[in-house]
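Tertiary structure, described
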Amino acid sequence: MHSARPGLGSSGRPGERAGRSLWRPHSICGPACLPDPDQTPRASAPRQLARLLALAGALILGGLLLPVLPLLSPAGRQVAGQAWARTVLRAGGIRLDVRGRPPLRRALLVANHVSWLDVVAILAVTPARLLAKHEVRSWPLIGPLAALGGTLFVDRARPRTLPRTVAEVADALRADAVVAVFPEGTTWCGMPRTAGGCGWAVRFRPALFQAAVDAAAPVVPVHLGYRIEHPDGGRPSGPAGIPAGSAPTGTTAAAFLAEESLYTSVRRVLALRGLVVTMTVVEEPWYEGPALRRRLAEAAESAVRAAARPVPSRQPAGPVPLELAA
């Protein structure tokens, strides 16, 4: 799990060349990628404060779980983690719309990376073990929770350790676990480059796909997208004259940008009204070995990008829609 500094991974300064390092790609997404605040529906100040307090309560709950988690079975820890992730989404007033069937066992889940919310959304629907940078282990509260939740860690400052990390992921897959990774290596604003955004400037890196090859485990591509939706199914009228009842639109407002603090990103997300996270699971095909890791990475990347095509919000593409209403 990798993201913009100082959150869940690394990214560079705005204007830096994306992908300047094969091991540590740098995002060029910055403030220019954000939508005009005047065009983005905002929650009232009291609602924002209530969300902030609710999120703080969810974090305190996570702290209270620390002494209990070691006493639970792995399945119990996964259930607790899923309940905690759903609590975080509800606290933030965020709705989760799942299209398709997330894997529940033995799969390498690979997704595009937009926001710190990506991790929360994945944990809310599947008992995944995440791959995080080594530094996360030492973070207050989050580090111990991640470790007890089965997170795998990669030391990106020491490329020689990558084969060992791949072996650990393969062992987890052989043990029937779902392991979630973000092969882009950092967060992007989430908009296709053809739309003027800087998203998807780095291709899926193939190294971790070797774990799926070694464990003969399926690779499940997942696309994560964000949109603003009014409770009546459209967007409210605003300065741009957008009529109520018009189609919901994708937004970059939830993105975790380069050189942005986690607190700044969280406050921006909590201020949004009608934020929906859409998780689209590519069910067919589920790529299985034997195969070359580079071919797997290319196929998964193509599947994720194809899944980014807009789907009517009231007609889920998959047979098992899951919505968490805030």
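These notes cover the structure that comes with them. (Residues numbered from 1 in each chain as written. Predicted model: local features only at pLDDT ≥ 70, side-chain atom pairs only at ≥ 80, totals over all residues. Heavy atoms only, no water.)

Some thoughts on the environment of Ala124
- The residue Ala124 is located in helix H3 (residues 117–125) in this model.
- In this structure Ala124 comes out as buried when scored by relative accessible area, which is 0%.
- Distance from Ala124 to Val88, taken between C-alpha atoms, is 9.3 Å for residues 36 residues apart in sequence. (Helix = DSSP H or I, 4+ residues; strand = E, 2+ residues; numbered from the N terminus. Buried < 20%, exposed > 50% of the residue type's maximum accessible area, 1.4 Å probe, protein only.)

Overview of the pairing of strand S5 (residues 178–181)
- Neither face of S5 is exposed, since Val178 and Ala180 on one face and Val179 and Val181 on the opposite face are all buried.
- Strand direction decides the pairing type here: strand S2 (residues 107–111) and S5, joined by four bridges, are parallel. Across the sheet, residue Val110 finds its bridge partner in S5, namely Val181.
- One ladder, built from three bridges, connects strand S3 (residues 128–133) with S5; its direction is parallel. Looking at S5, one finds that Arg129 is bridged to Val179. (Pairing = 2+ DSSP bridges.)

A few points about H3
- Counting buried positions along H3 yields eight of nine residues, so the element is predominantly enclosed.
- For H3, the full list of buried residues reads Leu117, Asp118, Val119, Val120, Ala121, Ile122, Ala124 and Val125.

Examining the nonpolar core
- Judged by nonpolar contacts, the single largest core of 47 residues is most densely connected at Leu96, Leu117, Ile122, Val222, Leu275 and Met279.
- The element best represented in this core is H3, accounting for seven residues.
- Val166, Val169, Ala170 and Ala212 belong to the second-largest nonpolar core, a separate cluster that totals 26 residues. (Core = buried A, V, L, I, M, F, W, Y, C linked by side-chain atoms within 4.5 Å.)

A few points about the packing of helix H1 (residues 45–65) against helix H7 (residues 262–270)
- Interaxial distance between H1 and H7 falls to 9 Å at its minimum, and their mutual angle equals 125°. Between H1 and H7, the crossing angle belongs to the class labelled oblique. In the crossing of H1 with H7, the sense of the turn from one axis to the other is right-handed. Between H1 and H7, the residues in contact are Gln48, Arg51, Leu52 and Leu55 and Val266, Arg267 and Leu270, respectively. (Axes fitted to C-alpha atoms, helices over the stretch in contact; angles between N-to-C directions. Parallel < 35°, antiparallel > 145°, perpendicular 65-115°, else oblique. Left-handed = near helix turned anticlockwise from the far one by under 90°. Contact = heavy atoms within 4.5 Å.)

Focus: the layout of surface pockets
- Space inside the largest pocket adds up to approximately 840 Å³.
- Along the walls of the largest pocket sit 31 residues, with Trp84, Val119, Val120, Leu123 and Ile142 positioned nearest its centre.
- Of all elements in the fold, only H1, helix H2 (74–91), H3, S3, helix H4 (142–148) and H7 reach the threshold of two or more residues within the lining of the largest pocket.
- In terms of residues, the lining of the largest pocket owes the most to one element, H2, which gives seven residues. (1 Å grid on protein atoms, 1.4 Å probe; cavity = no way out; pocket = protein on both sides within 12 Å on 5 of 7 lines; lining within 4 Å. Points joined across faces, edges and corners; volume = space filled by probe spheres on them.)

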